[in-house]
Amino acid sequence: MDALVNQRIKQVLRGDQEAFGEIVELFKDKVFHLCYRMLGNRHEAEDIAQEAFVRAYVNIHSFNQKRKFSTWLYRIATNLCIDRIRKKKPDYFLDAEVAGTDGLTMYSQIAAEGKSPDSEVETLELQEIVQREILRLPDKYRVVIILRYIDDLSLNEISEVLDMPLGTVKTRIHRGREALRKQLSNL
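Every value quoted in this text rests on a predicted model; they were computed, and no experiment measured them. (Residues numbered from 1 in each chain as written. Predicted model: local features only at pLDDT ≥ 70, side-chain atom pairs only at ≥ 80, totals over all residues. Heavy atoms only, no water.)

A.B. asks: Tell me what's going on with the packing of helix H6 (residues 139-150) against helix H7 (residues 155-162), and back it up with residues and numbers.
C.D. replies: Taken N-terminus to C-terminus, the directions of H6 and H7 make an angle of 135 degrees; their axes are 10 Å apart at the nearest point. Classified by the angle their axes make, H6 and H7 are oblique. In the packing of H6 onto H7, the handedness of the crossing is right-handed. Contacts between H6 and H7 pair Val143, Val144, Leu147 and Arg148 from the former with Leu155, Ile158, Val161 and Leu162 from the latter. Residue composition of the contact of H6 with H7, by class: 7 nonpolar, no polar and 1 charged. (Axes fitted to C-alpha atoms, helices over the stretch in contact; angles between N-to-C directions. Helix = DSSP H or I, 4+ residues; strand = E, 2+ residues; numbered from the N terminus. Parallel < 35°, antiparallel > 145°, perpendicular 65-115°, else oblique. Left-handed = near helix turned anticlockwise from the far one by under 90°. Contact = heavy atoms within 4.5 Å. Nonpolar A, V, L, I, M, F, W, Y, C, P; charged D, E, K, R; others polar.)

A.B. asks: Explain the nonpolar core to me, and be specific about the residues and the numbers.
C.D. replies: By size, the foremost hydrophobic cluster in this structure holds 47 residues, and its most contacted members are Phe27, Val31, Cys35, Phe69, Leu147, Ile158 and Leu162. Of all elements in the fold, only helix H1 (2-13), helix H2 (17-39), helix H3 (42-58), helix H4 (69-87), H6, H7 and helix H8 (166-185) reach the threshold of two or more residues within this core. Of the residues forming this core, the biggest block, 11 residues, is contributed by H2. Not counting the four nearest positions on each side in its chain, valine 31 is found in contact with Ala49, Ala52, Phe53, Leu73, Tyr74 and Ala77. (Core = buried A, V, L, I, M, F, W, Y, C linked by side-chain atoms within 4.5 Å. Buried < 20%, exposed > 50% of the residue type's maximum accessible area, 1.4 Å probe, protein only.)

A.B. asks: Got a sec to walk through the layout of surface pockets? Specific residues and values, please.
C.D. replies: Unoccupied space between atoms shows up once a probe the size of one water molecule is rolled over them. The space that makes up the second largest pocket amounts to roughly 210 Å³. The wall of the second largest pocket is formed by 15 residues, among which Lys30, Lys68, Ser70, Tyr74 and Leu153 lie closest to the centre. Elements with a minimum of two residues in the lining of the second largest pocket: H1, H2, H4 and H7. If one sorts the elements of the lining of the second largest pocket by residue count, H4 sits on top with 4 residues. Across the lining of the second largest pocket, the residue classes tally to 7 nonpolar, 2 polar and 6 charged. (1 Å grid on protein atoms, 1.4 Å probe; cavity = no way out; pocket = protein on both sides within 12 Å on 5 of 7 lines; lining within 4 Å. Points joined across faces, edges and corners; volume = space filled by probe spheres on them.)

A.B. asks: Can you break down the pattern of salt bridges residue by residue, with the values?
C.D. replies: Summed over the entire model, instances satisfying the criterion amount to 11 salt bridges. Glutamate 25 serves as the salt-bridge partner of lysine 28, at 3.1 Å between the closest nitrogen and oxygen. Separated by 3 residues within a single helix, lysine 28 and glutamate 25 lie in helix H2, roughly one turn from each other. Assessed through its relative accessible area of 35%, lysine 28 is described here as partly exposed. Across the pair arginine 42 and glutamate 46 runs a salt bridge whose closest N-O atoms are separated by 3.5 Å. One end of the pair is arginine 42 and the other is glutamate 46, both in helix H3 and 4 residues apart, which spans about a single turn. Among the residues examined, glutamate 46 registers a relative accessible area of 35% and is labelled partly exposed. Bridged by salt links that share partners, the residues Arg132, Glu133 and Arg136 form one connected network. (Salt bridge = Lys/Arg side-chain N within 4 Å of Asp/Glu carboxyl O.)

A.B. asks: Give a detailed account of the packing of aromatic side chains, specifying residues and quantitative values.
C.D. replies: Inspection of every chain in the model, using the stated rule, returns 6 aromatic pairs. Ring centres of phenylalanine 63 and tryptophan 72 lie 5.2 Å apart, and the angle between their planes is 45 degrees; on these two criteria the pair is classed as tilted. Taken individually, phenylalanine 63 and tryptophan 72 each receive the classification buried, so the pair is uniform in this respect. One aromatic cluster is present, built from ring pairs that chain together Phe27, Phe63, Phe69 and Trp72. (Phe/Tyr/Trp six-rings, centres within 6.5 Å; stacked < 30°, edge-to-face > 60°.)

Structure follows, in structure tokens:
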């Protein structure tokens, strides 16, 4: 896939805008999910994901093709999410009640995939609790936990995305896990 992406980047650099559209199609879901996990808000995540692709397109000439494009793109998206978090503290969470419903949360709107209602409720409750607790983590731990365990990036990729030493990434993951474990044990 990296070879295909690098080929499309070369086409973009030669002025082929449609080639960038193909790159967007390859990465749009992953970038959106990264933003969504960091921000906890679908609309903000869509905005930030779109902004990440715009920034990537505008700055494509500065991309080093010897590196992985996905890492560069994740770094752009992560930085934009961090900027948004700093500018605005979240005003609602996914576990907030949906207006006009009788106690339903956004998690209750997730479509069923054949699971029993009981197991689905248990899963939703667990997801709600974990997501809420992840959102309560300090920014520096939340970012690495999401990149490692939700987006399944390697430690080296996280190090590149966040532009920090590998040792710092390992420390923050460990401390983030411990903080999350402590938060979850207090429930």
